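Residue strings, one per chain:
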Amino acid sequence: LVNVVRSAWSPEFIATVRTSSTVTSTMLFVGFTNTLITTSTVFNNSNIAAFRYQTNSDTTAFWRTATNDGSGTSDVTTTTIAVATNTAYRFRITLTTSSALFYIDDALVATHSSNLPVSSTYMGYAIRVNAITAVARAIFWGMLTVIHK
């Protein structure tokens, strides 16, 4: 969906997502964005607060957290949570104008306090998988909640 939240509203994103039987040659994205997520998206120059995994740019198979205020390169943190096949994760992002808190399975895995989405920018939310090569990929989700505070 597009244009449903702004960081000024202190939104919270909660989603339960399960990976498929393969995560190779894959881009996974879970979170807030003001940009259409495509295979070639590098998440720069877009307002985002999201979890991501991108095999063509990430050197290890761990979830990343990313924020960007739309003006350049994203701030990216590599978590200690591995991206595994056929595994369910509970993602949560709590976004304010001063911080983005990222949780996986209710454990805080990263805090970003700079390069946050611009508070006046409307964003949507996305759960997205793209194949980097010409092989089909899947991601499964069972719950999605967006809370405006």
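Residues numbered from 1 in each chain as written. Predicted model: local features only at pLDDT ≥ 70, side-chain atom pairs only at ≥ 80, totals over all residues. Heavy atoms only, no water.

> Before we move on, could you go through unusual backbone geometry and cite the residues and values that matter?
Phi is positive for Asp105, which is not a glycine, with a value near 50 degrees. For Asp105, the position within the fold is in the loop between β7 (100–104) and β8 (107–112). Looking at Asp105, the relative accessible area reads 45%, which means it is partly exposed. (Helix = DSSP H or I, 4+ residues; strand = E, 2+ residues; numbered from the N terminus. Buried < 20%, exposed > 50% of the residue type's maximum accessible area, 1.4 Å probe, protein only.)

> Describe in detail the sheet that holds strand β1 (residues 12–19), supporting the description with residues and values.
Pairing is antiparallel across the open sheet formed by five strands, whose spatial order is β8-β7-β6-β1-β10. Edge strands, defined here as strands with exactly one partner in the open sheet, are β8 and β10 (139–147). On average, each strand axis in the sheet is inclined to that of its neighbour by 15 degrees, with strand direction left out of account. Two elements, strand β6 (residues 88–95) and β7, share five bridges in a ladder whose sense is antiparallel. Bridging from a neighbouring strand, Arg92 pairs with Tyr103 of β7. (Pairing = 2+ DSSP bridges. Axes fitted to C-alpha atoms, helices over the stretch in contact; angles between N-to-C directions.)

> Describe the environment of Ala66, listing the residues and the values that go with them.
Residue position: Ala66 is located in strand β4 (residues 62–69). As a C-alpha pair, Ala66 and Thr55 span 11 residues in sequence and 15 Å in three-dimensional space. Other than its neighbours up to four places away in sequence, Ala66 contacts Ile48, Ala49, Ala50, Asp75, Val76, Phe102 and His112. (Contact = heavy atoms within 4.5 Å.)

> With reference to specific residues and values, describe the nonpolar core.
Of all hydrophobic cores here, the largest spans 28 residues; its most connected members are Phe13, Val30, Phe32, Phe51, Trp63, Phe91 and Phe102. Every element with two or more residues in this core is listed here: β1, β2 (26–33), β3 (47–54), β6, β7, β8 and β9 (124–131). When residues of this core are assigned to their parent elements, the largest contribution, four residues, is made by β6. Membership of the second largest hydrophobic core comes to six residues, among which are Phe29, Ile48, Ala66 and Ala126. (Core = buried A, V, L, I, M, F, W, Y, C linked by side-chain atoms within 4.5 Å.)

> Got a sec to walk through the packing of aromatic side chains? Specific residues and values, please.
Overall, the coordinates contain eight aromatic pairs when judged by the stated rule. Ring centres 5.7 Å apart and planes at 75 degrees place the aromatic pair Trp9 and Tyr122 in the edge-to-face group. Taken together, the residues span a long stretch of sequence, with Trp9 in the segment before β1 and Tyr122 in the loop between β8 and β9 at a distance of 113 residues. A relative accessible area of 29% places Trp9 in the partly exposed class. Each ring, one from Phe51 and one from Phe102, has its centre 5.4 Å from the other, and the planes form 85 degrees; the classification is edge-to-face. (Phe/Tyr/Trp six-rings, centres within 6.5 Å; stacked < 30°, edge-to-face > 60°.)

> Before we move on, can you summarise the side chain of His112 with the specific residues and values?
Along the chain, His112 falls in strand β8. For His112, a relative accessible area of 4% corresponds to the buried category. Here Thr65 takes part through its side chain, which lies 2.9 Å from a polar atom of the side chain of His112. Within the local environment of His112, its side chain forms a polar contact with the side chain of Thr67, the two groups lying 2.9 Å apart. The contact partners of His112, leaving out residues within four places of it in the chain, are Thr65, Ala66, Thr67, Asp75, Val76, Thr77, Ser98, Ser99, Ala100 and Phe102. (Polar contact = N/O pair within 3.5 Å; in protein donor to acceptor, adjacent residues only side chain to side chain.)

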